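Here's the letter readout for the chains.
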Amino acid sequence: MGTIVEMLGVNKRYGSNHVVKDLNLTVNEGEFLTLLGSSGCGKTTTLRMIAGFEEPTTGTIKVEGTPVEEKEPYERNVNTVFQTYALFPHKTIFDNIAYGLKMKKVPKEEIRERVLEMMEMVQLTGFEKRYPAQLSGGQKQRVAIARALINRPRVLLLDEPLGALDLKLRKQMQLELKRLQKKLNITFIYVTHDQEEALTMSDRIAIMHDGIVDQLDTPTEIYEHPATRFVATFIGETNTYDGCVTSINDGIATITLENGAVKVKCDDSFSILEYATISVRPEKMRFSKEAHEGFELVAIVKDYIYVGSVLKCIVSLPNGNELKIERLAGQELPEIGSRIYPYWEPEDAVLIHNDSYKIFKILDEIKLA
Amino acid sequence: MENFSKLLSVDYLKIYARSMLISLMTTVLCVLIGYPFAYVIARTKSKSRQLLYMLVIIPFWTNSLIRIYGWRSFLGNSGWLVKALQYLHIIQEPVDFLYKTGTTVLGMVYCFVPFMVLPLYTAIEKLDGSLLEASSDLGARPFHTLFEVILPLTSSGIFSGCIMVFIPCLGYFFVSNILGGGNTDMIGNLIERQFKSANNWPLGAALSIILILLTLLLVKLYQKLGGDMENLGV
């Protein structure tokens, strides 16, 4: 797989507002890459810079190896599906889809053939003569996708294309989009704030936070090995604990928390007396009625939440922090108000460097000096 | 009825034709000048937009008669324009710019550009920016985007602007009086003269009715073609 889009040291500022910070991103040919983040994290700006609607303040953007940041949108071999669809209201569905080919001066016969073929692919046959105002949200969405795909772009940029659809339609369109992408083998760069959508559709996810890519990896890696505290809490449900590494033995670290010591698997990048964050998914959490070796956590059962497929147990630690624990199949439920001992297998938890650790380190250095 | 039949004489028909021609020229020029101006105002962000908008409105606050007299002294054979051109040695002898069809059109355009700009501004402001981005994204150069997207989607604004310029233009008389010097009589002048100097009120009334009917016809046509009355300020 070759590289198709490359962003090197890209920055975008609006006045004093630094929206995208020193972004480096490589997109492989034929992959489905999602830019995921909450609103205002810079993901849409990044997409708009690739499309050519925004110019980076500094940095280089390459598409198929050639720098494009000086090129106008109409000179770039990428197409966009807009969040608001942006269909031309005065043109029929046929003319909307044919627009790109018409601009390229493709012969009329070929345009007709390709538009009809494309309409069939997105299941819109028979809608040629209608106007966008006569279509439902899902249908407009399909027109927008067809209008972009008919140009056979090397890269398709999608800016929250499913945001305006209801849940059921959204799920259906997710699968359809994924199917189209595989079939046409076009690189998709997809922007969304919906983490479930990202996990379902993507080959790789770039999690953006405050204009920075926190982690770029496969959905599984991101879920199981979050690189930052933000990623851990943003993707799925998790329990986090802040503490200090007090000892490391054979790749297992003992972390001292406010509520007692626990054990976590760790790698060489951690050192003793470092501040770190532990993330444990609710389904990886365990509890027992007796203290588990190496774990000093004690908690009180507060509540049970039934969410259909699983039962979640909310327990409270002495400092007031709440944890979520998924009940294992067949496990006996302690009464509300009773005392339990939460624990986990050391390899099921993830240890994450804590940024505030750096601040402590700097403070220490200042003190020493 | 006599008066109505008089209206069909060749002399009068000439004046109708001239009125139409001058109004048409004024309207076309107003579109050509007003459109880019309205586009710039509508697409400018924040503060400077208010300022540009004010620049269109402020001349309204001065009586148009006074403004037209201003043009007369500017264009007259001892006016500033002639002096400036002589100073620059572009012309040697004074040239009279006044009392020509072109001068009347100039005055008309000057008076009516704001009437064109305001409906255009409303239409262009409503234009969704993402449509322009989409057009560019799909490979359309700015020229194509203009003809494929911008103009069709603002056509209602162009249309109501044209109506708002063309109709009052037909009846305006003082511009052709002052700048045309009686050489470019229009329907308006004719009516004015019947009432004021010729004292032929019945003929003036008949002419007025013709003008009103013409106006109604145009407005009806505008509605027929899907024009929105609100854009005319009705």
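Calculation criteria
- Residues numbered from 1 in each chain as written.
- Chains lettered and ligands numbered in written order.
- Predicted model: local features only at pLDDT ≥ 70, side-chain atom pairs only at ≥ 80, totals over all residues.
- Helix = DSSP H or I, 4+ residues; strand = E, 2+ residues; numbered from the N terminus.
- Buried ≥ 20, exposed ≤ 12 C-beta atoms within 10 Å, placed from the backbone.
- Contact = placed C-beta atoms within 7 Å.
- Pairing = 2+ DSSP bridges.
- Axes fitted to C-alpha atoms, helices over the stretch in contact; angles between N-to-C directions.
- Nonpolar A, V, L, I, M, F, W, Y, C, P; charged D, E, K, R; others polar.
- pLDDT = per-residue confidence, 0-100.
- Parallel < 35°, antiparallel > 145°, perpendicular 65-115°, else oblique.
- Left-handed = near helix turned anticlockwise from the far one by under 90°.
- Core = buried A, V, L, I, M, F, W, Y, C linked by C-beta atoms within 7 Å.

K.L.:
Tell me about the overall build of chain B, and please be specific about residues and values.
P.N.:
Helices and strands together make up the secondary structure of chain B, namely 12 helices and 0 strands. Reading the helices (α) and strands (β) of chain B from amino to carboxyl end gives α-α-α-α-α-α-α-α-α-α-α-α. Looking at chain B residue by residue over its 234 residues, the buried ones come to 34%. Excluding contacts between residues fewer than 6 apart, the proportion of contacts in chain B whose partners are at least 24 apart in sequence is 73%.

K.L.:
Tell me about the overall build of chain A, and name the residues and values.
P.N.:
Of regular secondary structure, chain A possesses 9 helices and 20 strands. Expressed as lengths along the three principal axes of its C-alpha atoms, the size of chain A is roughly 75 × 55 × 35 Å. In chain A, which comprises 369 residues, the share counted as buried stands at 38%. Restricting to contacts in chain A with at least 6 residues of sequence separation, those with at least 24 account for 65%.

K.L.:
Summarise the sheet that holds strand E16 (residues 299-306) of chain A; cite the residues concerned and give the values.
P.N.:
Residue and element names in this part refer to chain A. Within the open sheet, the 5 strands sit side by side as E15-E19-E16-E17-E18. Their pairing is antiparallel. In this open sheet, the two edge strands, each paired with only one partner strand, are strand E15 (286-288) and strand E18 (322-326). Ignoring which end each strand starts from, the neighbouring axes of this sheet average 45 degrees apart. Sheet topology note: the strand E17 (residues 311-316)/E18 ladder contains 5 bridges and is antiparallel. Residue pairing across strands places Ser316 opposite Glu322, the latter belonging to E18.

K.L.:
An account of the interface of chain A and chain B is needed here, citing residue identities and associated values.
P.N.:
Put simply, an interface is often sized by how much accessible area is lost when its parts join up. Contacts between the two partners involve 18 residues from chain A, matched on the other side by 15 residues from chain B. Sorting the residues of the side of chain A that touches chain B by element identifies strand E6 (78-81) and helix H2 (93-103) of chain A as the ones contributing at least two each. Looking at the side of chain A that touches chain B, the element that brings in the most residues is H2(A), giving 3 residues. Of the residues contributing to the side of chain A that touches chain B, the split by class is 9 nonpolar, 6 polar and 3 charged.

K.L.:
Account for the environment of A:Ile314, with residues named and values stated.
P.N.:
All names here are of chain A. If you trace the backbone, Ile314 turns up in strand E17. Counting along the chain gives 267 residues from Ile314 to Leu47, while the straight-line C-alpha distance between them is 40 Å. Beyond its immediate chain neighbours, meaning those up to four positions away, Ile314 contacts Lys302, Asp303, Ile305, Glu322 and Lys324.

K.L.:
Break down the sheet that holds strand E11 (residues 239-249) of chain A for me, citing the residues and quoting the values.
P.N.:
All names here are of chain A. Judged by pairing direction, the sheet is antiparallel, and its 5 strands sit side by side in the order E13-E12-E11-E14-E20 without closing on themselves. Edge strands, defined here as strands with exactly one partner in the open sheet, are strand E13 (260-265) and strand E20 (350-353). Here the average twist between neighbouring strands, direction ignored, is 45 degrees. Both strand E12 (residues 252-257) and E13 contribute to a ladder of 6 bridges, which runs antiparallel.

K.L.:
Before we move on, could you go through the confidence of the model for chain B and cite the residues and values that matter?
P.N.:
Residues and elements named next belong to chain B. When pLDDT is averaged along chain B, the result is 79, and 88% of the positions lie at 70 or above. In the model of chain B, helix H1 (residues 2-6) stands out as the element of lowest mean pLDDT, 70, in contrast to helix H7 (residues 129-137), which has the highest, 89. Two numbers describe this predicted complex: its pTM, 0.79, and its ipTM, 0.77.

K.L.:
Tell me about the packing of helix H11 (residues 187-196) of chain B against helix H12 (residues 201-224) of chain B, and name the residues and values.
P.N.:
Residue and element names in this part refer to chain B. One way to put it is that H11 packs onto H12 with a least axis distance of 7 Å and a crossing angle of 155 degrees. It follows from the interaxial angle that H11 and H12 lie roughly antiparallel. Crossing angle aside, the handedness with which H11 passes H12 is left-handed. Mapping the contact onto sequence places Ile187, Leu190, Ile191, Gln194 and Phe195 in H11 and Trp201, Leu203, Gly204, Leu207, Ser208 and Leu211 in H12. Split into classes, the residues belonging to the contact of H11 with H12 amount to 8 nonpolar, 3 polar and no charged.

K.L.:
Tell me about the pairing of E11(A), residues and numbers included.
P.N.:
Residue and element names in this part refer to chain A. Here E11 pairs with strand E14 (residues 275-280) via 6 bridges, running antiparallel. The partner of Tyr241 across the bridge, within E14, is Ile278. Adjacent in sequence and paired antiparallel, E11 and E12 are bridged by 2 residues, among which Asp250 carries a positive phi angle near 50 degrees.

K.L.:
I'd love a proper account of the environment of B:Arg72, names of residues and values included.
P.N.:
Here B:Arg72 shows up in helix H4 (residues 64-75). On the basis of neighbour count, B:Arg72 is assigned to the partly exposed category, with 17 C-beta atoms found within 10 Å.

K.L.:
An account of the packing of helix H9 (residues 155-171) of chain B against H12(B) is requested, with residue identities and associated values reported.
P.N.:
Residues and elements named next belong to chain B. The N-to-C vectors of H9 and H12 enclose an angle of 175 degrees; their axes lie 10 Å apart at closest approach. When the axes of H9 and H12 are compared, the pair comes out roughly antiparallel. Contact residues: H9 offers Phe159, Ile163, Phe166, Ile167, Leu170 and Gly171, while H12 offers Leu211, Leu214, Thr215, Leu218, Val219 and Tyr222. Grouping the constituent residues of the contact of H9 with H12 by class yields 10 nonpolar, 2 polar and no charged.

K.L.:
Now, about the nonpolar core: what can you tell me, with residues and values included?
P.N.:
Counting residues in hydrophobic clusters, the biggest one holds 98 residues, and the most contacted among them are A:Ala146 and A:Ile189. No other element matches helix H4 (residues 137-149) of chain A, which puts 6 residues into this core. If sequence neighbours within four positions are ignored, A:Ile189 has contacts with A:Val27, A:Leu33, A:Leu35, A:Leu47, A:Ile50, A:Val155 and A:Leu157. One finds B:Leu120, B:Ile163, B:Val165 and B:Cys169 within the second-largest nonpolar core, a separate group that totals 43 residues.

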